[in-house]
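# Secondary and tertiary structure notes
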Amino acid sequence: MTIPDSAAQRPSCEVPAAAPGMPAAQRTRAQLADGREIFFFDDAPRRRTVQDRREISRPVGGNEMRYDPLLREWVAIAAARQHRTQLPATEECPLCPSTPERATEVPQDQYDVVVFENRFPSFRGDIPIPEDLLSTTTAAQETAGLRQPGSGRCEVVCFTDQHSSALAQVSLRRMRTVLDAWADRTAAMLAEPGVEQVYCFENRGEEIGVTLNHPHGQIYGYPFITPRTRTLLDSAADFRARRGADLFTEILAGEVADGRRIVARTEHWTAFVPAWARWPVELHIYPHRAVQRLPELTDAERDDFAALYLDLLRRGDALFDGPLPYISGWQQAPASAEPGLMRLHLQLFSIRRAQNKLKYLAGSESGMGVFINDIAPEETARRLVAIGPQTAESGSATPTDTEETR
C-alpha cells in the first residue's frame, strides 16, 4: 500500500519545519556518592566538574522477579520503592539543582538535561533470565511463581532544571537534547547483559500517579520482552506471513489515505489517532522511514521530531484548557527481535475524557483487559487538528484551514 501524494499534502495537518542542523547534545558522565551513574546532556558544549558530597547509600531492599504462569508474564517485586519520595514541597524537590544549603540528586547549580540511575529502581541487576528456564524447572516450581534475581536498569531523565515548567514548554533546542539523551541511553542500556528491551517514557500529572512534580521521565531497561511488545511482534509476524507486507507500513499508509484521524504531518513523521484508540486521547507518532530504535534516527529526523512533538504536547494542553495528564513512551525493538519486524514509534495517551472527568480502568479494562472508549477516535483527531499548530511563538491556539473553520 502506498501513501497518496494528495493525502501527504493536507494543509490542515502541516507543522512548521524545525530549524535545520541542530548539533547533537554534549554528554558528561559522572558518579553520585552512592556509586550510581549520572549523565549531563548539554544543549551547547561546556565543561562540568561534578562532585557529590552527600553521605548516602542505596536504600535497603532488593529487587526480585516472579513469573505469573497464568499470563506467562514477569512481575517485578521492588520493596524499596514503597519508601520513595512522595510529592515533596518545591523546596524539597530532589530533582532540582543543588544549592549551597541543600544537596539534591543533581550535584550542579544548573543543568539542561540530566539522566541518572534511579535510587528506587523497579529493575536492577545484570543477571539475564536463562533462556531455558521453563524447560529446566518442574511444574510445581513454575506454578509456585518462579523467582529470579532482580535484573535490568532504571534511570530518571530530568528535562529541565526549572521545577515549575513542563516538557511542552521547553525550547526546540532542548527538545532535541532530550531526544539525544533518550537515544544515547537506549544504545548504552541495550549493551548491558541484563537488558533485553528499553522503554523511554514520561508520566505527567498527579492524575497519572507521579510522585515528583518536577518535569521528568524515566528509562526502563527490562530483562525480558514486555507483554505489549511481544504482542506487537507476534502481530507483525502473523501479518507478514498472511499478507506478505509490513504491518506498521500498512497502518501508516492506511491512516494517511483515510485522513480523518491524521493530526499532523512533517517531512519525516506522521501523528495520528489510531482507528482502534482505547484511550480518550491517544496519539501514535510514526517515522516515515522504517527504523527499529531511537539511535538509528538521523539528525534531520531528530530535528523534525522535536518540532512536531512540542506542537502536539501544546495541543494536548489546549484540549481541555489545562495541563493534560498523560503517559508517553517510545515503542522500540528489543535486542533479540527479528530484524525489520518492529518499527519505532511513540504512543501518547491520556485518561482525561472531559474537563472534569477521568477514564478509570474499572471492571472490563482491569479485570478482563477489554477497553471501552467513550470518545470516537475521529472526534479526538478533529479537535486536535482544530486547535492548530502550537509553536513557541504562537502563544495561543490558532485554528487551521479545516472544514470547521472555512
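Here we summarise the structure given alongside this text. (Residues numbered from 1 in each chain as written. Predicted model: local features only at pLDDT ≥ 70, side-chain atom pairs only at ≥ 80, totals over all residues. Heavy atoms only, no water.)

Turning to the side chain of Ser122, a few remarks are in order. On the secondary structure map, Ser122 appears in the loop between β5 (113-117) and α2 (139-143). Among the polar contacts listed, one links the side chain of Ser122 to the side chain of Tyr220, at a separation of 2.8 Å. In contact with Ser122, not counting residues within four places along its chain, are Asn63, Ala76, Ala78, Arg81, Cys154 and Tyr220. (Helix = DSSP H or I, 4+ residues; strand = E, 2+ residues; numbered from the N terminus. Polar contact = N/O pair within 3.5 Å; in protein donor to acceptor, adjacent residues only side chain to side chain. Contact = heavy atoms within 4.5 Å.)

Moving on to the sheet that holds strand β4 (residues 73-78). Either a parallel or an antiparallel arrangement is found when strands of a sheet pair, and the pairing is made through backbone hydrogen bonds. Pairing in this open sheet of three strands is antiparallel, and the strands run β4-β3-β6 from one edge to the other. Edge positions in the sheet fall to β4 and β6 (147-149), since each of these pairs with one other strand and no more. Ignoring strand direction, the axes of neighbouring strands in this sheet form an average angle of 30 degrees. Where strand β3 (residues 63-68) meets β4, six bridges bridge the pair, whose relative direction is antiparallel. Bridging from a neighbouring strand, Tyr67 pairs with Trp74 of β4. (Pairing = 2+ DSSP bridges. Axes fitted to C-alpha atoms, helices over the stretch in contact; angles between N-to-C directions.)

Spatial ordering of the open sheet is given by β1-β2-β5-β7-β9-β8-β13-β14-β12-β11-β10, a layout of 11 strands whose pairing is antiparallel. Each having just a single partner strand, β1 (26-31) and β10 (262-265) make up the two edges of the open sheet. Averaged over all neighbouring strand pairs, the angle between strand axes comes to 20 degrees, with direction disregarded. Pairing of β1 with strand β2 (residues 37-42) involves six bridges; the strand directions are antiparallel. Counterpart to Gln31 in the pairing with β2 is Glu37. Contacts from helix α4 (residues 227-243) reach β8 (197-204), β13 (326-331) and β14 (345-350) within the one sheet, and its direction differs from that of β13 by about 50 degrees.

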